[in-house]
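# Summary of the model geometry
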Amino acid sequence: MTARVIVLTVGAWLLLSGRGVCAGGAGEHRAIPRSVYLEKVHGWWLGKIIGVTLGGPYEFSMPWPPPEITDYVHEAPVSGYFSDNDDLYVGMAFLLSLERHGPGVTREQMAAEFFERLEPGRLWLANLCAYKNLAAGVAPPKTGHPVFNEYAWSIDAQIQNDAWGVVSPGMIDAACGYAEQASRITNYADGAYGGVFAAALASAAFVENDIGALVETALMKIPPESDYAQAVRDVIGWHRENPSDWKATREKIARKWQDAKGHRAESAVLNGAAVVIALLYSGGDFDAAVRIGTMAGWDTDCNASSAGGIIGIITGARAIPAKWDIYNDRYKNVSLRGLPLWMTISGLAARTATLGETVIASNGGRIEGERLIIPRREPPPPPPADSPFPIGPEQEREWAALRAEKLDLDLRLWNPALTLRNCRADGTTGLIREFRKRRHVFRTVPAKASEPCVMTFSDVGKAAKDEEVILEISACGSGTPWELSAAAGGRELGRTRIGEDAPAGLRAVSIVPSRDEDIILYVAEDGSTYFDEALTRLAQASPSFDPARRPEPLRIRSAQNNVNLFKYPGTCPPGKDEIRSYFILTEWTDSTYPIIWLSPGDPHPYGCYWPKEHVPDLPLPDPKPVKLRIRAEEELPSIPEGGKFVLMHDESRATVISLPRVSTEPSPWHRVRYDLTPHLRRDSTVEVRGGPAGEGEGEAYWDHVRIVRRPRLRGTGGQALSERRQR
């Protein structure tokens, strides 16, 4: 594409070159040729795409001081087309809501399109939290509130809501109205202000060419006391003091807003400042804008994309230097449901411009032949800034109600069979992503220090004949001990002090199966193998095998259903001809499982051999992963490092596998199990309590609290589980 400056008619140019889009009384209008509008929309699309491609390889990894970026690097995903990025497709989802519902689209309709069109695996930070909130039944704007969204402060709204400015050219009040609604789906306070600021920039860029005036205009739309507005004003002031050294301004932003005030690299505040740095120091030059947006660091692809989109609107697509447009007008969609795999960038621009014309018409404008008549209104002042923390009694009550609602939601997601009593809801309790190498952990603290926090199963049915009902708990502390107790049938079952590490055992082996599995692993002693009740014969039984003496089965817990045996990336010691370095991973599937073996003695690609005496003669040509379904229970027996297991499967086959990844270190996670069977005859209520143990406040972390029904194990007689199994 050859670069050229758009030549406008004298009349159109005069209309487009006016300063101060807020000026003018009600009833005034400005005109823009439809072809010019389309050209500028196309420029926005190309500018966004070029910026995100240029900055992508450096995202959150740009060193400081930065290298001089002059062109795409080989890591950039460039191969004659553009494949989508969240800087583009989240805004597209919002535009699709406008296309479906018209200019009167509501926040709820925007959120529905966001949820229906997008995949959680293609979202991050506040967008991903908002998506999960919508999936859990949380309605906007709660989805973007910091009580429900831990990334409410992040950049997400800023990268996607400039789309509202593109469909509201010169109508900043309309653009910001849309952006305010959409930004609150994902963000709050400074995070949401980034979305409004981006929309105002894009809208004003259709009628304002001066970058300084453009930034000042957009700044009028966000609360002046917010951190976001103050950071933008800092950039404006430091640019006036030193208009030639963008790096000095960026360093000042980093020192004040990142180092001193604690804004994170993903924050809207830092990255909004970076966009303004790129715009002001570019002087309106596209090449400079995308390069500075990349070199300024932090979220490089987003910032270069935002700055490139704004300059693309000002210059139009044809004025973008030819070296940057390497996409052959091709857009590959892999993230938005309901759209074709292949589209054209120019076609997306035309579709966006059509939406813009409907917004213009619905806001007091009109189409006159080949001209768009755009209403010119004074935008209303911004509302007061939101605080990321509650201020005053009224907000304290509002946030307390939201925190209680969030705690209930977290509990439903974690274990819907439970209810809570006397549990603090302060924004820190409930589900947390990870704690001490466990994911989706539930944190509780008693609301009243004199009483424990209580989790209740309110209606646990009695055990059927030849069935046992087991309460399984895995919990740990954060350093201060606390007391775990359980009760059933009106009777306390036991108390455990949690805080010190639990005894050492088999805790690091990657075995995590689940639900309705039909294979058991048995501990193998001296290389002997055993058979399950469902099997008809032994495989390679050792001379020491005693059929009357069954080993304790390895019972395994998981949320998944298939087990794969993979080669551990180690090497066999000299003279060892056995595979001693396999470990087990899992993946869910509903398909039947294939069982694939190495033939005895065949060399493994990594140089080790299957022990011939442990494997039946079932030769296959190639070594492959073993996939099978196993039976789910939790207990992992405490065995020494390098202990062996027998894998029973099918009706007659077995092999011994070695599990070298056995931890002999104590674990912070305590496993407690109670037999509820004899206690449910009188009362169906089961309680699990976490309370203070002297000096602490009863802060508890729960990996799981659940009730398991299973056939009565031989020899238990319905009595309490052994000390080893309780552990």
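Below you will find a few notes about this structure. Fair warning: this is a prediction, and the values are worked out from it, not measured in the lab. In this convention, every chain numbers its residues from 1, walking through the sequence in written order. For this predicted model, a pLDDT threshold of at least 70 governs which residues receive local features, and a threshold of 80 or more governs which side-chain atom pairs are given and counted, while totals over whole chains, interfaces and linings are taken from all residues. Computation of side-chain values covers all heavy atoms of the structure but excludes hydrogens and water.

## Side note on the overall build of the protein
Helix numbers and strand numbers start at the N terminus; a helix is a DSSP run of H or I with at least 4 residues, a strand a run of E with at least 2. A count of helical and extended segments in the protein gives 18 helices and 23 strands. Per-residue accessibility, obtained with a 1.4 Å probe over protein chains only, is compared with the maximum for each type, and a residue is labelled buried under 20%, exposed over 50%, and partly exposed between these values. Classification of the 727 residues of the protein by burial places 55% in the buried group. Relative to all contacts within the protein whose residues are 6 or more apart in sequence, the contacts with residues 24 or more apart total 74%. Split by element, the accessible area of the protein, about 30,300 Å² in all, is 51% carbon and sulfur. Only heavy atoms enter the contact rule, under which two residues are in contact if any of them lie within 4.5 Å. Only the protein chains shown count as cover for residues, and all accessible areas are computed by the Shrake-Rupley method using a 1.4 Å probe.

## A word on a nonpolar patch on the surface
For patch building, the residue pool is restricted to those with more than 30% relative accessible area and no salt bridge; the joining distance is 9 Å between like charges and 5 Å between nonpolar side chains (Val, Leu, Ile, Met, Phe, Trp, Tyr). What counts as a salt bridge is simple: a side-chain nitrogen of Lys or Arg found within 4 Å of a carboxyl oxygen of Asp or Glu. A contiguous nonpolar patch, built from Val334, Leu341 and Trp342 and spanning about 270 Å² of accessible area, is present on the exposed surface. One can find Leu341 in the loop between strand 3 (330-332) and strand 4 (342-344).

## Here's the deal with unusual backbone geometry
Between Trp64 and the following residue, Pro65, the backbone shows a cis peptide bond with an omega angle of 0 degrees. The step from Pro140 to Pro141 runs through a cis peptide bond, and the omega angle for that step is 5 degrees. Mapping Pro141 onto the fold places it in the loop between helix 5 (125-135) and helix 6 (156-160). Phi angles above zero are rare outside glycine, and Ala189 is one such case at about 50 degrees. As for its placement among the helices and strands, Ala189 is situated in the loop between helix 8 (172-186) and helix 9 (190-205). Note on Ala189: relative accessible area 5%, which makes it buried.

## A short note on the packing of helix 2 (residues 34-55) against helix 16 (residues 345-362)
Under this scheme, a helix contributes an axis fitted over its contacting stretch, all axes are lines through C-alpha atoms, and angles between N-to-C directions fall in the 0 to 180 degree range. Interhelical geometry of helix 2 versus helix 16 gives an angle of 125 degrees and a closest axis separation of 9 Å. Taken together, helix 2 and helix 16 sit at an angle that is classed as oblique. For the element pair helix 2 and helix 16, the recorded crossing hand is right-handed. Across the interface between the two elements, Arg34, Tyr37, Leu38, Val41, His42, Trp45, Leu46 and Ile49 of helix 2 pack against Ile345, Ser346, Leu348, Ala349, Ala350, Thr352, Ala353, Gly356 and Glu357 of helix 16. Only Asp, Glu, Lys and Arg are considered charged in this grouping, and only Ala, Val, Leu, Ile, Met, Phe, Trp, Tyr, Cys and Pro are considered nonpolar; every other residue, Gly among them, is considered polar. Residues belonging to the contact of helix 2 with helix 16 are distributed by class as follows: 11 nonpolar, four polar and two charged. Angle categories are assigned with fixed cut-offs, so that under 35 degrees is roughly parallel, over 145 is roughly antiparallel, 65 to 115 is roughly perpendicular, and the rest are oblique. Should the near helix be turned counterclockwise from the far one by less than a right angle, the crossing is left-handed, whereas a clockwise turn marks it as right-handed.

## Regarding the packing of aromatic side chains
By convention, a stacked pair of Phe, Tyr or Trp rings (six-membered ring in the case of Trp) has centres within 6.5 Å and planes under 30 degrees apart, an edge-to-face pair has planes over 60 apart, and any other such pair is tilted. Here the structure, examined in full by the defined rule, presents 20 aromatic pairs. Relative to Trp45, the ring of Trp44 has its centre 5.4 Å away and its plane inclined at 75 degrees; by these criteria the two rings are edge-to-face. For Trp44, a relative accessible area of 3% translates into the label buried. Pairing Phe114 with Tyr131 gives two aromatic rings, centres 6.4 Å apart and planes at 55 degrees, and the pair type is tilted. Separated by 17 residues along the polypeptide, Phe114 in helix 4 (residues 107-117) and Tyr131 in helix 5 bring together distant segments of the chain. Just as Phe114 is buried, Tyr131 falls in that class too. A connected cluster of aromatic rings, assembled from ring pairs, spans Phe94, Phe114, Phe115, Tyr131, Trp164 and Tyr178. Sitting over the ring of Trp298, Arg250 keeps its end group 3.9 Å from the ring centre. The criterion for a charge sitting over a ring is simple: Lys NZ or Arg CZ within 6 Å of the ring centre, and within 35 degrees of the ring normal. Geometry around Trp257 places Lys261 over its ring, the cationic atom sitting 5.4 Å from the centre.

## Some details on empty space enclosed by the protein
The method works on a 1 Å grid over the protein atoms by themselves. A cavity is a set of points holding a 1.4 Å probe that cannot get out, a pocket is an open set with protein on both sides within 12 Å along at least five of seven lines, and residues with an atom within 4 Å of a point line them. Grid points are joined across faces, edges and corners, and a volume is the space filled by probe spheres set on the points. Tallied over the full model, the rule gives six cavities of 30 Å³ or more. Looking at the largest cavity, its volume works out to about 110 Å³. In this structure, the largest cavity is lined by Trp45, Met92, Leu95, Leu96, Glu99, Leu339, Leu348, Arg351, Thr352 and Leu355. For the lining of the largest cavity, the secondary-structure elements that each account for two or more residues are helix 3 (86-101) and helix 16. In the lining of the largest cavity, the residues fall into seven nonpolar, one polar and two charged.

These figures capture arrangement, not role.
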